[in-house]
Every structure is written in C-alpha cells, then in structure tokens.
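Below, each chain spelled out in residue letters.
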Amino acid sequence: MLILECPCCGVLADETELTAGGEAHLKRFGPESSDDEFEGYLFRRENPRGVHFERWRHSHGCGKWFHAARNTVTLEVYGTYSAQTTEPPEAIRQKISGVAPGWKWRLFK
Amino acid sequence: MSQRLPKGGRLIDRSTEMSFTFNGQTLHGYAGDTLASALLANDRMMVGRSFKYHRPRGVVASGAEEPNALINMGQGSRFEPNQRATTTELFSGLTARSQNHWPSLDFDVGAVNAHLSRFLPAGFYYKMFIHPRSFWKHVYEPFIRQSAGLGQAPTERDADTYEHFYAFADVLVIGGGIAGLEAARAAGASGAKVLVLEQTAHWGGRAPVDGGHVGGRPVEDYIDSLVAELQAMENVTLRSRCMGAGVYDHGYVLGYERLNDHRPGQDGPRHRLWRIRAKQIVTATGAIERPLSFAGNDVPGVMLASAMRDYVVNWGVTPGQRVVVATNNDDAYRTAIALKKAGVDVLRILDARETGGGALMNTARDMGIRIDCGRGIGKVTGGKRVKKVQICAQAGAGGALEEIACDAVAMSGGWSPVVHLWSHCGGKLLWDGDQAHFRPDPSRAPTGADGKPFVTVAGSANGHLGLDAILPDAGEAGRVAAQAAGFKPKRAAAVAVDPTTEAPMEPVWMMPAQARPALRAKAWLDYQNDVKVSDVRLAAQEGYESVEHTKRYTTLGMATDQGKLSNINGLATLADALGEAIPNVGTTTFRPPYTPISMGSIGGEARGAVFQPVRETPMYGWHDSHGADWEPVGQWRRPYAYVRPGETTHDAVMREVRNVREGVGMLDASTLGKIVVKGPDAGRFLDMLYTNMMSTLKPGKCRYGLMCSENGFLIDDGVVARIDEDTFLCHTTTGGADRIHAHMEEWLQTEWWDWQVYTANMTEQYAQIAVVGPKARVLLEKLGGMDLSKESLAFMEWRDGKIGSFDARVYRISFSGELSYEIAVPASQGQAFWDALMQAGADLGVMPYGTEALHILRAEKGFIMIGDETDGTVIPQDLGLNWAISKKKTDYLGKRAQSRDHMTDPTRWKLVGLETVDGSVIPDGAYAVAEGTNANGQRNTQGRVTSTYHSPTLGKGIAMGLVLNGPDRMGEVIDFPGTDGTVYKAKIVDPVFYDKDGEKQNV
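Residues numbered from 1 in each chain as written. Chains lettered and ligands numbered in written order. Predicted model: local features only at pLDDT ≥ 70, side-chain atom pairs only at ≥ 80, totals over all residues. Heavy atoms only, no water.

*Asks:* Please clarify how the overall build of chain A should be interpreted in this entry.
*Replies:* Scanning chain A from N- to C-terminus turns up 2 helices and 6 strands. Of the regular secondary structure in chain A, the N- to C-terminal order runs β-β-β-α-β-β-β-α. For a compact globule of 109 residues, the expected C-alpha radius of gyration is about 13 Å, and chain A comes in at 14 Å, within 12% of that figure. For chain A, the C-alpha atoms occupy an extent of roughly 40 × 35 × 25 Å along the three principal directions. A buried classification covers 44% of the 109 residues belonging to chain A. Taking contacts inside chain A between residues at least 6 apart in sequence as the whole, the part at least 24 apart equals 47%. Separation between the mean location of the 14 positive side-chain charges and that of the 15 negative ones in chain A comes to 1 Å. (Helix = DSSP H or I, 4+ residues; strand = E, 2+ residues; numbered from the N terminus. Rg over C-alpha atoms; globule rule 2.2 N^0.38 Å. Buried < 20%, exposed > 50% of the residue type's maximum accessible area, 1.4 Å probe, protein only. Contact = heavy atoms within 4.5 Å. Lys, Arg positive; Asp, Glu negative; His and termini not counted. Charge placed at Lys NZ, Arg CZ, Asp CG, Glu CD.)

*Asks:* What is the right way to read the overall build of chain B from this model?
*Replies:* What chain B contains, in helices and strands, is 26 helices and 51 strands. Along the first, second and third principal axes, the C-alpha atoms of chain B reach 115 × 70 × 55 Å. Contacts spanning at least 24 positions in sequence make up 66% of the contacts within chain B whose residues lie at least 6 apart. A total accessible area of about 39900 Å² is found for chain B, and carbon and sulfur atoms account for 52% of it. Between the averaged position of the 106 positive side-chain charges in chain B and that of its 115 negative side-chain charges there is a distance of 3 Å. (Areas by Shrake-Rupley, 256 points an atom, 1.4 Å probe, with all protein chains shown as cover.)

*Asks:* Any chance you could explain the sheet that holds strand E25 (residues 402–405) of chain B here in plain terms?
*Replies:* Consider a sheet: its strands pair through backbone hydrogen bonds, and that pairing is either parallel or antiparallel. All names here are of chain B. Taken together, 3 strands build an open sheet; the order of strands is E23-E24-E25 and the sheet is antiparallel. Since the sheet does not close on itself, it has two edges, and those belong to strand E23 (375–381) and E25, each with one partner. Going across the sheet, the axis of each strand differs from the next one's by a mean of 30 degrees, ignoring polarity. Summarising the sheet, E23 and strand E24 (residues 388–393) pair through 6 bridges and their orientation is antiparallel. Paired with Arg375 across the two strands is Ala393, which belongs to E24. (Pairing = 2+ DSSP bridges. Axes fitted to C-alpha atoms, helices over the stretch in contact; angles between N-to-C directions.)

*Asks:* How should I be thinking about the UniProt feature "domain: Aminomethyltransferase C-terminal" (unreviewed entry) in chain B in this particular structure?
*Replies:* Mapped onto this numbering, the UniProt entry gives "domain: Aminomethyltransferase C-terminal" (unreviewed entry) at residues 910–995 of chain B. For residues 910–995 of chain B, the end-to-end C-alpha separation is 22 Å, with 0% helix and 55% strand making up the annotated structure. (UniProt positions renumbered as here; feature names shortened; annotations may be inferred.)

*Asks:* Would you mind going over the nonpolar core with me for this structure?
*Replies:* One recurring pattern in soluble globular proteins: nonpolar side chains tend to sit buried together. Ranked by size, the top nonpolar core spans 91 residues in total, and within it Leu35, Phe294, Tyr311, Ile349, Ile377, Val380 and Val409 of chain B carry the most contacts. Setting aside chain neighbours within four positions, we find Tyr311 of chain B in contact with Ala36, Ser37, Leu40, Val59, Ala61, Ser62, Thr86, Met303, Gly316, Val317 and Pro319 of chain B. Core analysis: the second largest hydrophobic core is formed by 57 residues, Leu4 and Trp56 of chain A together with Val457 and Ile568 of chain B among them. (Core = buried A, V, L, I, M, F, W, Y, C linked by side-chain atoms within 4.5 Å.)

*Asks:* Looking at this model, I keep getting lost on the pairing of strand E8 (residues 95–98) of chain B. Mind explaining?
*Replies:* Within a regular strand, the side chains alternate between the two sheet faces. All names here are of chain B. Inspection of the sheet shows strand E2 (residues 13–22) paired to E8 by 2 bridges, in the parallel sense. By the bridge assignment for E8, Phe22 is matched with Ala96. Note that strand E6 (residues 70–73) and E8 share 3 bridges and pair antiparallel. Each bridged residue has a counterpart across the sheet, and for Asn72 the counterpart in E8 is Arg97.

*Asks:* Hey, could you run me through the interface of chain A and chain B in this one?
*Replies:* The accessible area lost on association of the parts is a frequent measure of interface size. Contact residues are listed per partner, giving 29 residues for chain A and 32 residues for chain B. Together, the buried faces of chain A and chain B total about 2600 Å²; carbon and sulfur atoms form 50% of this surface. Joining chain A to chain B, the criterion identifies 5 salt bridges. In this structure, Asp14 of chain A and Arg277 of chain B form a salt bridge, with 3.1 Å as the shortest nitrogen-oxygen distance. Between the two partners, chain A and chain B, sit 19 residue pairs in polar contact (both at pLDDT 80 or more). For the side of chain A that touches chain B, the leading source of residues is helix H1 (residues 35–42) of chain A, giving 4 residues. A class-by-class count of the residues in the side of chain A that touches chain B yields 13 nonpolar, 9 polar and 7 charged. (Buried area = accessible area lost by both parts, 1.4 Å probe. Salt bridge = Lys/Arg side-chain N within 4 Å of Asp/Glu carboxyl O. Polar contact = N/O pair within 3.5 Å; in protein donor to acceptor, adjacent residues only side chain to side chain. Nonpolar A, V, L, I, M, F, W, Y, C, P; charged D, E, K, R; others polar.)

*Asks:* Just checking my understanding: could you explain the pattern of salt bridges for this structure?
*Replies:* Side chains that differ in charge, positive against negative, can pair when their charged atoms come close. All names here are of chain B. Applying the stated criterion across every chain yields a total of 64 salt bridges over all chains. Ionic pairing is found between Glu89 and Arg241, a salt bridge with its closest N-O pair at 2.6 Å. In this pair, Glu89 sits in the loop between strand E7 (80–84) and E8 while Arg241 sits in the loop between strand E13 (236–239) and strand E14 (242–248), placing the two residues 152 residues apart along the sequence. In the salt-bridge network here, residues are joined through shared partners; they are Arg206, Asp210, Arg309, Asp310, Asp331, Arg334 and Glu502.

*Asks:* Any chance you could explain the confidence of the model for chain B here in plain terms?
*Replies:* Keep in mind that low pLDDT regions are not for reading the predicted coordinates in detail. Of all residues in chain B, 95% have pLDDT values of 70 or greater, and the mean over the chain is 94. Note on the complex model: pTM 0.91, ipTM 0.97. (pLDDT = per-residue confidence, 0-100.)

*Asks:* Which parts of the structure should I look at to understand the packing of aromatic side chains?
*Replies:* Where two aromatic rings form a pair, the distance of their centres and the angle of their planes describe that pair. All names here are of chain B. Applying the stated criterion to the full structure yields 20 aromatic pairs over all chains. For the pair Tyr53 and Trp524, a centre-to-centre distance of 6.5 Å together with 90 degrees between the ring planes defines the contact as edge-to-face. Taken together, the residues Tyr53 in the loop between strand E4 (46–49) and strand E5 (56–58) and Trp524 in strand E31 (residues 524–526) connect sequence positions 471 residues apart. Comparing Tyr53 with Trp524, the two get one shared label, buried. Centroid distance Trp909 to Tyr927: 6.3 Å. Interplanar angle 65 degrees. Geometry classified as edge-to-face. Taken as a pair, Trp909 in the loop between helix H26 (901–904) and strand E46 (910–916) and Tyr927 in strand E47 (residues 927–933) lie far apart in primary sequence, 18 residues in all. In this structure Trp909 comes out as partly exposed when scored by relative accessible area, which is 25%. With relative accessibility at 40%, the residue Tyr927 sits in the partly exposed group. (Phe/Tyr/Trp six-rings, centres within 6.5 Å; stacked < 30°, edge-to-face > 60°.)

*Asks:* Would you explain the UniProt feature "domain: GCVT N-terminal" (unreviewed entry) in chain B in this entry?
*Replies:* In the UniProt entry, the feature "domain: GCVT N-terminal" (unreviewed entry) is given for residues 619–889 of chain B. Secondary structure content for residues 619–889 of chain B is 26% helix and 29% strand, and the end C-alpha separation is 41 Å.

*Asks:* Got a minute to help me understand the side chain of Ser947 of chain B in this structure?
*Replies:* Residues and elements named next belong to chain B. Tracing the backbone through its elements, the reader meets Ser947 in strand E48 (residues 939–951). Looking at Ser947, its side chain comes within polar contact range of the side chain of Arg858, at 2.8 Å. When near neighbours in sequence (up to four residues on either side) are disregarded, Ser947 contacts Arg858, Asp868, Glu869, Ile958, Ala959 and Met960.

*Asks:* Any chance you could explain helix H14 (residues 533–541) of chain B here in plain terms?
*Replies:* Quick reminder: α-helices carry 3.6 residues per turn. Residues three or four places apart thus point the same way. All names here are of chain B. Burial in H14 covers these residues: Val533, Asp535, Val536, Ala539 and Ala540. Looking down the long axis of H14, one finds its buried residues gathered within 165 degrees of arc, a one-sided arrangement. Where H14 is buried, its residues contact helix H13 (517–520), E31, strand E32 (531–532), helix H15 (547–554) and helix H16 (567–578). Remark: Gly543 follows H14 within two positions and exhibits a positive phi of approximately 105 degrees. (Arc of directions from axis to C-beta.)

*Asks:* Hey, could you run me through the environment of His28 of chain B in this one?
*Replies:* Following the sequence through the fold, His28 of chain B ends up in strand E3 (residues 25–31). Separated by 588 residues in the primary sequence, His28 of chain B and Glu616 of chain B place their C-alpha atoms 55 Å from one another.

*Asks:* What am I meant to see in helix H9 (residues 331–341) of chain B here?
*Replies:* All names here are of chain B. Most of H9 is tucked away: 8 of the 11 residues are buried. Of the residues making up H9, those classed as buried are Asp331, Ala332, Tyr333, Thr335, Ala336, Ile337, Ala338 and Leu339. Just beyond H9, the residue with positive phi is Gly343, at close to 90 degrees.

*Asks:* Where do I start with the packing of helix H5 (residues 178–188) of chain B against helix H12 (residues 467–484) of chain B in this structure?
*Replies:* The axes of two packed helices give the description: the angle between them and the distance between them. Residue and element names in this part refer to chain B. Look at H5 against H12: their axes get within 7 Å of each other, and the N-to-C directions meet at 40 degrees. By the angle between their directions, the pair H5 and H12 is classed as oblique. Helix-helix and strand crossings are classified by hand; for H5 and H12 the assignment is right-handed. Residues Ile178, Ala179, Glu182, Ala183, Ala186 and Ala187 of H5 form the contact with H12, whose participating residues are Leu467, Ile470, Leu471, Ala474, Gly475, Gly478, Arg479 and Ala482. Tallied by class, the residues present in the contact of H5 with H12 amount to 10 nonpolar, 2 polar and 2 charged. (Parallel < 35°, antiparallel > 145°, perpendicular 65-115°, else oblique. Left-handed = near helix turned anticlockwise from the far one by under 90°.)

Set out below in structure tokens:
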C-alpha cells in the first residue's frame, strides 16, 4: 500500500486515503477532433514497467487532485506535484534522470 | 502405533490433563499440546481424506505447512472449517471433526476415485466435463459441487468479535525463532522501535528441538535469556501467536494475532488484524523441510523427519514404534537420534547419498542404528497406516532389495527457506545449487518509496541452516535494518557457537531416481490436492512449460496450504521433465497471506450495524415510527412505502399513488443531491457539464438537465436552479450526490483549473419536502406566508420566502406530473416543518408517500430514472431526450463521444412505453424476444424492460423499455417471456401514459 505526499495539504497519505485516477497529463480532445485523436484521448493509456506519471485524489483528506511521478516496478516515488500543470516540474524530471537515465514516457523525456 | 512417551515433552504440562473430542469420541491430552500432538498421543494418525481421491491422510508436519490435518473445529456459532490441527492449541472441551469423507472417516465412498485415478489425471476436469454441452448443468456441475470443498460451511452467525489494530515500527521482525530474536536484539540495541511477531505461542522456533550450544550454554537457555533481555527493553515489543501475514508496498505489513483461539469464549476479540507501517522489515521466517517423492509417501505414518522430532521433543509423543528414516541430508539423523534416545526402535536410516553423512551419521551408528547409504524407499505399503517399506537402490528403477515391516517413516528431502514474505512485495530469489533451494537474492530486495531496500532476511530464511551461520547472519540483519531505518547500530561481541560438521546434502527429486511410471503415479507432491509426480510429468508432456500454467492445470500448490511442501518438489519435477535447469523454470508467485487468515479479522469491527453507516434524513425517526418499509438508496435509507396496519406493502403503495393523484401527498426528498456551483464562470462550467444550456437560465428559474460522462453515457439528471448571476444550485439523484460532486471537482481541478468556480455539496444542509397533488397549494396556503399562486410562482420557478414561520426555498418542480412544490428548509427545521404540514393537511387527507409510489408516479408520466432506464451504456438519444441536448453548444462532456459510429447507429434500442395486452405486469428485467437464434443457440432479442409497475391510476400494468426501432413501431405487440414460462404480450406505446399535455402540473 503506497504512501504519497499530498502536495496540496502536505499530508503523507496512505493509499486508503487516496483514489487513483489513471494516467496524468492527458490532453482533452473535443467535438472537432478526428476519430483517431479522440480514441487516443479516451481509451489509449500508458501502462509502463518503470517511470509513470499518475493522477491521484486525496479523496479522504483535502479532496484535491495531484500528480505523482513514480516507478511501477521499484515503487520509488520521485515526487508529487500539482495537477494544475501540463507537464512534470523540471526538478522531478532531473531526479528521475538521476536514477533512471534514458527514461522516456509518451509525452516527455 | 503412535503414543505418548513415558517422559519428555518440553512444551507440555503433564500435570494438567485436558479432554477433547474427535469425531464424537472423548480423548485426552495435556496443556501445551497441539490438537495434532494430542491426536497422535491417542494413536489417531489418520485425520482426514484427500480432496480428489479421498485417500486416507495422516499428520505429516508439525506447523503452518501442514497440508493434511485440516479439521472442522468447534460447534454452532463457533464452528469453523479447515483449521490446521498442527497450529491449533489444545484446550479443554475442544471439539473437532475430520473432513472430506462420507459417510465416515474410516469408510468413505469417494475413495472409489482412488481406484479410478488412472482415469483422473491432471486436467481431467477440463478434458472430461466439456462435452456434451448440456451435461454441464445437470450432470457435471452437481457432481463436482457435491465432491468439492474440504470443510463444511458454518450455519450460524459467528459469536466472536474481531478488531483491527494500527502499529508503527522502525524495525519489524517477522519470526520469533532464534534468528528473529537475535536480529531484534541487534536492532533494539540501536534504540530503534522494534516489533517482533511470532506465529506460534513459543519463542525460539526450531532451535531448542535441534539442539546445540551458544556461548557454552544449551541453545534453549540462550533463547530464554534473549527473550528476557528483549522483554526488558522499552523500545522492543514482542507478540506471540501473531503471524506476519503479508508484506506490501512501502513497508505496509499485515499481522494476524490469534488471541482467543486457545481459550474460546474469553472476553475480548478472537483475532486481531495488525496493520503495521514499518520503516524496515527483517524476515526471520525460518525454513520448511521438503518431503521426498517416493511411492506411497502419502500413507498415514509417513511424516517429515523434522516434524517427527518435534513431536518427540516438544510434546513427548512418538508417531510410531518402529521407524524407518529416509533422507538426502544430515538433518534427518537428528530425528533418528532423538527417537532412539526416547526409546523408539529406529530400524534403518536410508541415506540416498552414496557416501552418507558427516558427524551425525557416526553418532547414530554409534547408538546402534543401521545405516544404508545409496539406498532409498521404493514403495511404502499400507492403507490407513504404514505397514512396510520396500528398500531399493536410489540410483535404480525401484527393484526391491529388502522389505521391512514398520509403522512410521521419517523423510527429509532437504530444507527450503520460507521466502514468502520476502517475495510478497517483489523480492527476487536465487537458486542455491549446493543446498538445492531458492533463497532471497540480497541484491534484489523489495524497494520502498525512496527506491532503497526495506526488507532484510535473517537466519535459515536466508539459507543458513547451521546455528553457527544463523546467529551472526541474524545479528547483522538486525544492524543493517536499524541503520537503514536511521539508527546507529552497535557492534556486537562474538559468541562461541557449536561449529557445523554436516556433510553436503544431495538433491533427490524422485526416489528412486529412475522410478518406473507405476511408482511415479503413487508419489505425491501435493497431498491436499492430490497431485503426483506423474501428473506434473503429464502436464509437461502436454506442452505446459510455464510453472504458472502447470500449477493451474494440475492444481499443484493451489490448496489451502498454498504448496508450502509441494512447490519446490513440483517445479523440480517439471524442470526435469522439460530437461531444463530448475532456476530457468522458476517459482510461482508468492501471495499473501502466508497462511489463511479469518474473514472475521479482515472485517474487524465492521459488521452488522457498523459495517456501513446509515445516512438518515432529519425526518428518519418519524418515518420509522409511521410504518416505513425501508429501502437502501446509496448509503441512505428511504421509506419504500408507509404500511398501515392490515395493509400489504403493495396495498400501501397503491393507496399512496392514488392519494397523490387525487388529494395531496408528501415525500421526504432530503436525500436528493444539492450542489451549489458558484463563481463568474459557473454558467460556462455548467454548460460543459450538462447536455443542455444552463448559462441562459434566468435567476429565479429552474431547468431540468442531463449529465454525461466523457464516454457519452448518461450518468445523472436533475433540476438546476439559478440562484443569482454567479450561483446555481444543482439537484442530483440520491445516489449520485457525492459522485457528481467529485465529477465536478475533477474537471475543475484537472482540466479547467483557471475557471473561477467553486462547488459545495449542501445535500445535508437542507431538509427537502415535496408536497404533491391537486390539493398541494391549498395545504401550503393554510400555513400562510409567501404567495404560491401560479402568477407569482409559475411552474419551473423557485422563490425564497416564508411558509408559516419557516424560512423556505420553494421550487415548483414536479416528478409526478401533479401540482408540486419541493420546499427546502434548514435541516434543523425539517421535522418541525414536516409536522406542521402533516397537521395542516390532516383534513385534506395528506399522506406521506414512499419511493415506490414516486417510481410509479414518474413512470406514468414517462420520466426516466437514472439506474433504471440507464445502466452505464445508455445515451440520452436512446431515451428520446434529444430535446434536452443543446444543438447550439460547441462542446459539452460527452458530445464528441455521442458522434461516434456506435452511438449514432440507428439500430440502438430506443425508449418506448409498454402496455400489457391483458393488464398484467411484465417481470422486471424481461427481454423481448425476436425470431431465430444467435450463434450460441440462444433466442435473439429485440429489447428489454427497464421499469415495470402496476399503475393504480390506469388500472393496468405499464412499463418502459428499450426496443429495437421502438419509436417507429407504435401499436405493435411484442413478446416478453418470463422465467416461469409465461409469455407476456405487450403493446408498444408512447412512454407518457398520463396527462400527455402536462396540464396538471401547470395549474
């Protein structure tokens, strides 16, 4: 059972306090999008062995959504950060590069 | 025979006799016995029958690894099946019954399966029970069900209580054997907060039985002083009868404490589930001896050598009078020596190694025990008890060299470290060829949130089998864990330990090595699930290469013991059959819990009334005292109907509906979700959330809206009221309030975070009462206050004001088609307001009505209900709700999805009304059948019922349903077969059955 720090209220929260929200940094496609774009947005998800960016909600705490950068194999947590951003903070990306050189993810390196 | 020895037994107290019953017969044991040792003391070697062949089964082990001695324990409200006799502490009055036999343990009809075993190989069920298809339901399934399962299910409610307990430790030590205690001392000396869990009632594990000296003292004395030292340390907590059940992410551990199993009926919880967060974990979980695979190794009386030694040394019980020992390592010699010392005849030690053993062999020989090297067991014969052993050359095919009459066999195939807890959270293993076992790979430990290892392994769990290696390894593990937890460990003084003088073991996966097929077919790997060497070889022959697939195909290791004895032997057999090296075949996954834990402990206090809190409206007590027949709706309970004396529930519902249509009724609508959405961008936000336009709504007005998921499916509906320019109040369904509030927050926080909007769930702040029916206005006007005329409060408007003396917000909205006011007052005023309305309406015949009347009233009007007309696959267009979907808006959640191929398919089933031809009520969930059958031979369908009721207003059965091309088929009659064989004929009609023009709600 994971422990993640909620970046909004600062609590080190047990997984039972949290709700998982799937892949982070999805770009929403609306009515003008093509079938492929919309399919990618609605259904296609990363499921990596390794570095991953996820959405979590501190649902039994402050109620806020946040993002977590973590490793699905080693369970290392590289950091948590605000959900109100389109990409992970530079500090977290550097930290990941330090431990997992050459990592890449759908949208970032 | 097995019996109590005249003396000995370090764990029993011969001055305290205890009586118990087994299969109804009264037997006696001593305080300190386990049920298994007490049964053996009474010559009850055979304790059950196996799962598949119903073979007689005896006690084979002495601890948590026992696969055979499973019993039905207790009676009535304290009955529990599948309890292991080897881990059940004896108490006076214990009642136990053997399992999986009929009619009796001694004579069992299912044992005929054993004679058919040639026809019941691996995968038998998969191969046999497929054809013919129709046999499954009436022949195969009843047969399998009748023969499946070991123990019986309890019939009474559990009389015991259970609890959860939260704990935090710097270093958690799992296992209270000598390694665990040594590691705990080393960790504790650093000042770290240490918690030690031991699954049995005793400290020290196997060490006192195996013997040896530490610092010149017998190891048992050393353990006593270790325990005393730890007990004196304030930062160390010791818990016995508490098993480390599972290790999970980021140092989370479940402990399972059995507080009252050995003294049932005592005050306090029976089991306690420890939910532990540990910075570091030391697994000192010991090792388990492996059986040898020889023909007849499942005959009662064949036992693990270490278990036999345990029974002699710990409980003063010998499992036999004339014992043969078979081994591939030196450890089994300790059993021979212990038996001999206790006065038991050890007829022969069969050592599979050509060169035999080390110093222990010489000791045994000096005691007069005959030792045959390079020999093994060809076959054990005997039905319910070992009768004789055929000796053969280990290297051969099983030709008998000699036969010895005996009544017990001790076997040892080497030792496997208990790696379960190391592996639960991702710790990897390496194959140790010298000792022929998997042990933890220290370079691939489970890692925590910081990416660093959080589990260290100690002692025999780490592959160290000699005391001289175990103690330093355990001390080091304790120091490593303490340091990793942020403490400064202290250097330890070295102690003198007896050096190990054992000869190397030699792996023996089949005894004899070239055993004939007939022998392999009687050599058991998994005792509980009846998996033999021949079954695993057959699986390999049939192409099962993966150990995970072989496990599922043969059921090897899938019994309640989870293969503690069988896994390594099974995968070695598979590797041999595949011609692969053992490490290449690998192990199956180790999953928690280590041994089964009670469902009661998992539930803890959460049962009965506290399993889930019930949400109560302010008028809950009134409903309860006025005949409410409760219906759960989400976490709420709502009155289904108010049943009067002499009425059936159906009578009450019919009365309530008629009273609303003809007079005036009152509904407690407080459970409906009430979410305030506020801010300069509130209108824009709601335009995205609802399918229709909300930003154009004028303050003072209400509008019905639909909400869809981004998949396009309808998820909720309700009336939105615009309070002022910046503020909206959104009503949701009762079950949807929290979900929809979360849905709003998700979009606000993660997509449109720059929009200026706040949401607040105000559901419980208001009591909301619907006053409904032609006399609704008359009733409210009797209380006085605000003007409720059509002119000043028209349909789909709301106003704040006073009704009587109550501050009220009145919505003129209707879910019944009648003149209707939904009035919100502060929750604290709810009951008083309800009372005032009931009093004022008494002479008008006002009655409360429940959710079933509400359903019928809305169905008569063709109004949809989320959860009835929708099921997560229905879009608004299916329900004829296109009028509530904005054509002007460029975007809303679900809009893009609703233009996908599947969503615009003209053959999607559409909502219609259904009217039975004979006035009866179509069964809920019925399907409309079409001509022909599908590829599976099932009747084709063309629609289904979503809501169905008897309408007292119309005096007949009405329903709503989704039907293929339904709106174009008005007047057509279609068939709905019921499960009772009746076919209900129903005419497709408009879903609005009552007051099509909506005049009644608009007066």
